[in-house]
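Here's the letter readout for the chains.
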Amino acid sequence: MAPRARSRSLLLPICTILTILIHGAHSFYLPGVAPQDFINGAELMVKVNKLTSIKTQLPYSYYTLPFCTPSKIVDSAENLGEVLRGDRIENSPYVFNMGDAKMCNVLCRKTLDSKTAKAFKEKIDDEYRVNMILDNLPLVVPIQRLDQESHPVYQLGYHVGLKGQYSGSKEEKYFIHNHLSFIVKYHKDSQSNAARIVGFEVKPFSVKHAYEGKWNDEKPRLTTCDPHTRHAVVNSNTPQEVEDKAEIIFTYDVEFLDSDVKWASRWDAYLLMTDDQIHWFSIVNSLMIVLFLSGMVAMIMLRTLYRDISKYNELETQEEAQEETGWKLVHGDVFRPPSNSDLLCVYVGTGVQFFGMILVTMIFAILGFLSPSNRGGLMTAMLILWVFMGIFAGYASTRLYKMFKGSEWKKIALRTAVMFPGVVSAIFFVLNALIWGQKSSGAVPFGTMFALIFLWFGISVPLVFVGSYIGFKKPAIEDPVKTNKIPRQIPEQAWYMNPAFSILIGGILPFGAVFIELFFILTSIWLNQFYYIFGFLFLVFAILMVTCAEITIVLCYFQLCSEDYLWWWRSYLTSGSSALYLFLYATFYFFTKLEITKLVSGALYFGYMLVASYAFFVLTGTIGFYACLWFTRLIYSSVKID
């Protein structure tokens, strides 16, 4: 069943973005995240969100399955990030009133046909989960851990149904969860009568409901679940099968529980991780190893360089100067512009754009502006920041271009503005076409697509040109030494100084710095879990920068000592090669942790991980390049060269 057509104007995502930026700066609470007080009897709006599965990674609108519907389905306004995530938030037929417990409330009765039965079976096969929202809190299923004393694990949403066998039978049947026992936890204000919702849990059951006589839509009365006789559903001993012509009665209970948890802490239980101790110890372990290696590298570099510079500056006679060896010999070629210098400028500018976006995003996240309670906020912020960081991309690429004695700055600006987004857009359009083919809500609507194109060509491209213009107007960066007119011949290199070998070696340490955190990031993205430890992520990002810079400087130093002055591209590729290891790890993760079997889902995974690896390449490569540029300028300006 295809999802209903949805019309979204261009203004909706942009207005939402501006609202977040404006209101977020003037108040403590973000829009939609401020606490809401409910008095007894107040109506609670239960909303339904997308159906999700970690087996297919394809979200679907809730009403693509023949669940009970309200009299009129109303879509909630969604921000840009929510639309791109495939969220489809709509009203539901569930009616809650604050403090009013309900038992065995009949929602509706459905009779399946072969088509609807098949739709349910397919979703049960793929382990789809139903997601709901109450007061901005997602619905969770509490699962008690083996040690009863610890906090339960919360799983987002409940399964549409399950597969099983009757005792004594080998035939596998499909059963639907048609009875939901909701628990709404609230925290009461001691000064007023109002309460705030701090928890939204459910226990799903599969029950073949029965009733006496003819069905009455106005006053349905069940024998399997009756509030008058206090007969509640407590197990799934008589489950409801999914089959052609099956009659399914959907029911629910609501229970309200007073909680000591305050509104400000209500997300804490959702963010508890099952292996938090492993996470903490692993991060600290990674930090200590990388800091130790960084200290060793810095000590070796400082001592060796200090000795080299002192030795070169003490050479007084022409004979001594002729006996020079090592990096000083190539001073006349070390700042010679590299081949494909235009492309290098474009990649460096794009890397600066990425660096700025990630740095500011992390600062916002650490300050709490991008918490999980602000659905889609992280993705929205990253897109907007990417667009506005275009000015720095243009500035960086053109400054480097002018240093290479280039004059056609507009060409560089255009390539910087369109090359990386163009590659990503091409992959994105192909993947989006595949999602459309599956009729998934994850397919980006045309209105949102137009908004993305407007952000790119209407804001990002002009900003790149503005930055390029400013960068080109500035005086060119002067080299610390003069470049010879005739290139020096590079002597034959040892096998370990082979460019391919040293580049691949250089990427191992930066990847090692983020390796453990990468596992948790992939788990949050592909296994539908929350990622929230942005403080640690920022720390890992800082370690990554230091590691990229130091490993590139060390290998660049060895290269110059071998009288190989072609360091420009190699410095970029040395730390950038960590992206190759990231993609290889993503492949390993796919085959060991995920249960994806469908071709489209596999294409989605590898497509998005290819984009992520490409972005990681641009980011780490730029960090390594600038570290090496600073290093070479420093050492060649520190020695006396006649």
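Residues numbered from 1 in each chain as written. Predicted model: local features only at pLDDT ≥ 70, side-chain atom pairs only at ≥ 80, totals over all residues. Heavy atoms only, no water.

Going by what an unreviewed UniProt entry lists, the protein chain is known as Transmembrane 9 superfamily member and is assigned to Populus euphratica.

## Notes on the environment of Lys 262
Checked against the element boundaries, Lys 262 lands in the loop between strand S13 (247–258) and helix H4 (276–314). Taking the C-alpha atoms as reference points, Lys 262 and Tyr 186, 76 residues apart in sequence, are found 8.6 Å from one another. Dropping the residues within four chain positions of it, Lys 262 is found in contact with His 187 and Val 198. (Helix = DSSP H or I, 4+ residues; strand = E, 2+ residues; numbered from the N terminus. Contact = heavy atoms within 4.5 Å.)

## So, the pattern of salt bridges
As enumerated under the stated definition, the model contains 15 salt bridges in all. The closest approach of N and O atoms between Asp 87 and Lys 50, which form a salt bridge, is 2.9 Å. Within this pair, whereas Asp 87 is found in the loop between helix H2 (80–85) and strand S2 (90–97), its partner Lys 50 is found in strand S1 (residues 43–52), the two being separated by 37 residues in sequence. Several salt bridges converge on common partners, so that one network encompasses Lys 50, Arg 85 and Asp 87. (Salt bridge = Lys/Arg side-chain N within 4 Å of Asp/Glu carboxyl O.)

## Concerning the state of the cysteines
Defined simply, a disulfide is a covalent bond joining two cysteines at their sulfur atoms. Going through the model one piece at a time under the given rule, you end up with 2 disulfides. Covalent S-S linkage joins Cys 68 and Cys 108, the inter-sulfur distance amounting to 1.8 Å. Judged by the torsion about the S-S bond (-75 degrees), the Cys 68/Cys 108 disulfide is left-handed. Here the residue Cys 68 occupies a position in the loop between S1 and H2, and Cys 108 occupies one in strand S3 (residues 102–111), the gap between them amounting to 40 residues. With respect to class, Cys 68 is no different from Cys 108; both count as buried. Here Cys 104 engages in a disulfide with Cys 225; their sulfurs sit 1.8 Å apart. Handedness here is read from the sign of the S-S torsion; for Cys 104 and Cys 225, about -95 degrees, the answer is left-handed. Taken together, the positions of Cys 104 in strand S3 and Cys 225 in the loop between strand S12 (195–205) and S13 put the pair 121 residues apart, joining distant regions of the chain. Just as Cys 104 is buried, Cys 225 falls in that class too. (Disulfide = S-S within 2.5 Å. Buried < 20%, exposed > 50% of the residue type's maximum accessible area, 1.4 Å probe, protein only.)

## Details of the side chain of Asn 131
Following the sequence through the fold, Asn 131 ends up in strand S4 (residues 129–134). A polar contact is formed between the side chain of Asn 131 and the backbone oxygen of Lys 50, at a distance of 2.9 Å. Excluding residues that lie within four positions of it along the chain, Asn 131 makes contacts with Val 48, Asn 49, Lys 50, Leu 51, Thr 52, Leu 156 and Gly 157. (Polar contact = N/O pair within 3.5 Å; in protein donor to acceptor, adjacent residues only side chain to side chain.)

## Section: the packing of helix H6 (residues 341–366) against helix H9 (residues 409–437)
Helix-helix packing is characterised by the crossing angle of the two axes and by the distance between the axes. The geometry of H6 relative to H9 is characterised by a closest axis approach of 9 Å and an angle of 55 degrees between their N-to-C directions. By the criterion of interaxial angle, the relationship of H6 to H9 is oblique. Like other packed secondary-structure pairs, H6 and H9 cross with a definite hand, here right-handed. Touching Asp 342, Leu 343, Cys 345, Val 346, Tyr 347, Gly 349, Thr 350 and Phe 354 of H6 are Lys 411, Ile 412, Arg 415, Thr 416, Met 419 and Phe 420, all from H9. Class assignment for the residues of the contact of H6 with H9 results in 8 nonpolar, 3 polar and 3 charged. (Axes fitted to C-alpha atoms, helices over the stretch in contact; angles between N-to-C directions. Parallel < 35°, antiparallel > 145°, perpendicular 65-115°, else oblique. Left-handed = near helix turned anticlockwise from the far one by under 90°. Nonpolar A, V, L, I, M, F, W, Y, C, P; charged D, E, K, R; others polar.)

## Description of helix H8 (residues 390–403)
Helical periodicity: at 3.6 residues per turn, an α-helix aligns residues three or four positions apart in one direction. Compared with the 20 Å implied by 1.5 Å per residue over 14 residues, the 20 Å span of H8 between its first and last C-alpha is a close match. Restricting attention to buried positions, one finds in H8 the residues Gly 390, Ala 393, Gly 394, Ala 396, Ser 397, Thr 398, Arg 399, Leu 400, Tyr 401 and Met 403. Taken together, the buried residues of H8 touch H6, helix H7 (377–388), H9, helix H10 (446–473), helix H14 (568–576) and helix H16 (599–636). Remark: Lys 405 follows H8 within two positions and exhibits a positive phi of approximately 70 degrees. (Expected span 1.5 Å × (residues − 1).)

## Concerning a nonpolar patch on the surface
Residues Trp 495, Tyr 496, Phe 501, Ile 505 and Ile 508 make up a contiguous nonpolar surface patch of roughly 560 Å² in combined accessible area. Mapping Tyr 496 onto the fold places it in the loop between H10 and helix H11 (499–506). (Patch = residues over 30% accessible without salt bridge, like charges linked within 9 Å, V, L, I, M, F, W, Y side chains within 5 Å. Areas by Shrake-Rupley, 256 points an atom, 1.4 Å probe, with all protein chains shown as cover.)

## Some thoughts on the packing of aromatic side chains
By the definition in use, this model includes 53 aromatic pairs. Arranged with centres 5.8 Å apart and planes meeting at 65 degrees, the rings of Tyr 60 and Tyr 128 form a pair that is edge-to-face. Placement of the pair is Tyr 60 in the loop between S1 and H2 and Tyr 128 in the loop between helix H3 (114–125) and S4, with a sequence separation of 68 residues. Among the residues examined, Tyr 60 registers a relative accessible area of 9% and is labelled buried. Relative accessible area serves as the criterion here: at 2%, Tyr 128 is assigned to the buried category. Taking the centre distance of 5.5 Å and the plane angle of 75 degrees together, the rings of Phe 67 and Phe 120 count as edge-to-face. Taken together, the positions of Phe 67 in the loop between S1 and H2 and Phe 120 in helix H3 put the pair 53 residues apart, joining distant regions of the chain. Looking at Phe 67, the relative accessible area reads 4%, which means it is buried. For Phe 120, a relative accessible area of 0% gives the class buried. A cation over an aromatic ring shows up here: Lys 123 above the ring of Tyr 128, its NZ or CZ 5.4 Å from the ring centre. (Phe/Tyr/Trp six-rings, centres within 6.5 Å; stacked < 30°, edge-to-face > 60°. Lys NZ or Arg CZ within 6 Å of the ring centre and 35° of its normal.)

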